[in-house]
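# Survey of secondary and tertiary structure
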Amino acid sequence: MFAMRIEPAKVNGRVIDCAWITGAGKGIGRAVALRLAKSGVKVAVSARTAADLESLAQEAELFGGRILPVALDVTDAAALEEAADHIEAALGPIDLAIFNAGSHKEMDPASFDTAIFRELMDLNFMGTVNGIQAVIDRFRDRRRGQIAVVASIAGYRGLPTAAAYGATKAALINMCEALEPDLRRMGIGITLINPGFVRTPLTDQNDFPMPFLMEVDAAAERITRGLAKGRFEVTFPKRFTWLLKIVRCLPYWLYLPLVRWSTRR
Ligand SMILES: NC(=O)c1ccc[n+]([C@@H]2O[C@H](COP(=O)([O-])OP(=O)(O)OC[C@H]3O[C@@H](n4cnc5c(N)ncnc54)[C@H](OP(=O)(O)O)[C@@H]3O)[C@@H](O)[C@H]2O)c1
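In this report, we go over the structure that sits alongside the text. (Residues numbered from 1 in each chain as written. Predicted model: local features only at pLDDT ≥ 70, side-chain atom pairs only at ≥ 80, totals over all residues. Heavy atoms only, no water.)

### Focus: the environment of Met107
Tracing the backbone through its elements, the reader meets Met107 in the loop between strand E6 (96-99) and helix H4 (114-142). Exposure remark for Met107: the relative accessible area of 3% places this residue in the buried category. The spatial distance from the C-alpha of Met107 to the C-alpha of Ala163 is 6.3 Å, given a sequence separation of 56 residues. Contact partners of Met107, with chain neighbours within four places excluded, come to Phe112, Asp113, Ile116, Phe117, Thr161, Ala163 and Ala164. (Helix = DSSP H or I, 4+ residues; strand = E, 2+ residues; numbered from the N terminus. Buried < 20%, exposed > 50% of the residue type's maximum accessible area, 1.4 Å probe, protein only. Contact = heavy atoms within 4.5 Å.)

Now the structure itself:
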């Protein structure tokens, strides 16, 4: 089936030609890759499962889009460096790198497990750091390039069962805030993407209510629109994220009893 082309993708008002997305085999990354390809961007896509990336490239071919599969594991820093070289040789300079690969595991304090912390830190946090390392020198040399980091509203404040996941996302948020001023001085942009709940293979596993659950195509649209506007933070759905931003400001004496009450069993 032929999908309609959409308007050219921009970052901070400027039309882009080449993007790289990690965690693009499924879910949010896949939807963003398709959206960018539909707007004429050449998109390199990474994840571990090569078959997902191949099917994505085939889907893009149907509407004349260009998607380059580059299978890798983001916990392997050297693989990301190699991938960046390979992508630029094949598609030209990367204008936008979206570090989106990530996962979630619940943490039950009754079976406190360091392995879960290590696994999620390696993937969600260090996987993103590895990606930034792979593009930062080339972006600095050109004084051009946009980094986008997919964190989560779960990083705003600590939430029960998300001690490991939330900590990785809080670390990403803090890292982006810390990097922004220096990157800007080097001519590099950074965007922090904090989604609420989005329907993907990851959230399909959740057995708890997910307020304001958003469809993945709508999430991809918010992400590309936010990037075009050049905002530092792209967060959605607004009704939910504004509520959480207010909750983020609460003092501990109010926040902690509120969380205990709302998660009582
Ligand atoms: N869905 C939500 O409600 C939601 C909300 C807030 C934030 N987020 C964040 O958004 C991002 C995407 O989430 P999603 O819901 O789209 O997840 P998803 O449906 O599980 O897709 C995750 C993608 O990441 C890839 N991936 C996982 N581990 C990887 C690794 N070590 N190296 C390379 N790729 C890897 C997976 O492919 P392989 O397994 O084949 O590698 C898959 O393509 C994550 O960072 C997540 O924390 C999601």
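### So, the packing of helix H3 (residues 77-91) against H4
At a minimum axis separation of 8 Å, H3 and H4 run at an interaxial angle of 40°. As judged from the angle between their axes, H3 and H4 are oblique. Considering the relative orientation of H3 and H4, their crossing is right-handed. Only Gly127, Asn130, Gly131, Gln133, Ala134, Arg138 and Arg142 of H4 make contact with H3, whose side of the interface consists of Ala77, Leu80, Glu81, Ala84, Asp85 and Glu88. Residue composition of the contact of H3 with H4, by class: four nonpolar, four polar and five charged. (Axes fitted to C-alpha atoms, helices over the stretch in contact; angles between N-to-C directions. Parallel < 35°, antiparallel > 145°, perpendicular 65-115°, else oblique. Left-handed = near helix turned anticlockwise from the far one by under 90°. Nonpolar A, V, L, I, M, F, W, Y, C, P; charged D, E, K, R; others polar.)

### A look at the packing of aromatic side chains
Overall, the coordinates contain five aromatic pairs when judged by the stated rule. When the ring of Phe112 is compared with that of Phe117, the centres are 5.2 Å apart and the planes differ by 40°; the resulting orientation is tilted. Relative accessible area serves as the criterion here: at 56%, Phe112 is assigned to the exposed category. Taken together through their ring pairs, the aromatic side chains of Phe197, Phe208, Phe212 and Phe240 make up a single cluster. Between the NZ or CZ atom of Lys38 and the centre of the ring of Phe63, over which it lies, the distance is 5.6 Å. Positioned above the aromatic ring of Tyr255 is the side chain of Arg157, whose terminal nitrogen or guanidinium carbon lies 3.9 Å from the ring centre. (Phe/Tyr/Trp six-rings, centres within 6.5 Å; stacked < 30°, edge-to-face > 60°. Lys NZ or Arg CZ within 6 Å of the ring centre and 35° of its normal.)

### Considering the side chain of Gln146
With respect to the element layout, Gln146 can be found in strand E7 (residues 146-150). Of note is the side chain of Gln146, whose polar atom sits 2.7 Å from the side chain of Thr191. In contact with Gln146, other than residues within four places in its own chain, are Val11, Asp95, Leu96, Ala97, Phe139, Gly189, Ile190 and Thr191. (Polar contact = N/O pair within 3.5 Å; in protein donor to acceptor, adjacent residues only side chain to side chain.)

### Some remarks on the pairing of strand E4 (residues 42-46)
Extensive coverage of E4 is indicated by the burial of four of its five residues. Bridge count between strand E3 (residues 18-22) and E4: five bridges; the pairing is parallel. In the sheet register, Ile21 faces E4, and the bridge partner there is Val45. One crossover worth recording links E3 to the parallel E4 by way of helix H1 (residues 27-38), and it is right-handed. (Pairing = 2+ DSSP bridges. Right-handed = clockwise from strand over helix to strand, strands pointing away.)

### Observations regarding the nonpolar core
Within the largest apolar cluster, 38 residues are counted, with the highest numbers of intra-cluster contacts made by Trp20, Leu72, Ile87, Ile94, Val135 and Ile147. At the level of elements, E3, H3, E6, H4, E7, helix H5 (163-185) and strand E8 (189-195) are the ones that each hand at least two residues to this core. Broken down by element, the residue count for this core peaks at seven residues, all from H4. Not counting residues within four places of it along the chain, the set of residues in contact with Val135 comprises Trp20, Ile94, Ala97, Phe99 and Ile147. (Core = buried A, V, L, I, M, F, W, Y, C linked by side-chain atoms within 4.5 Å.)

### Notes on the site of the ligand
Taken together, 28 residues are adjacent to the ligand, and Ile28, Thr49, Tyr165, Val198 and Thr200 come closest. At 3.1 Å from an oxygen atom of the ligand is found a main-chain nitrogen or oxygen belonging to Lys26. Contact between the ligand and Val74: a nitrogen atom at 2.9 Å from a main-chain N or O atom of the residue. At the level of secondary structure, the elements contributing two or more residues to the shell around the ligand comprise H1 and H5. In terms of residue class, the shell around the ligand is made up of 14 nonpolar, 10 polar and four charged. (Near = heavy atom within 4 Å.)

### Overview of H1
Look at H1: 17 Å from first C-alpha to last across 12 residues, which is about the 16 Å you get at 1.5 Å a residue. Of all the residues in H1, the buried ones are Gly27, Ile28, Gly29, Arg30, Ala31, Val32, Ala33, Leu34, Leu36 and Ala37. Note on H1: the residue one or two positions beyond its end, Gly40, has a positive phi of about 95°. (Expected span 1.5 Å × (residues − 1).)

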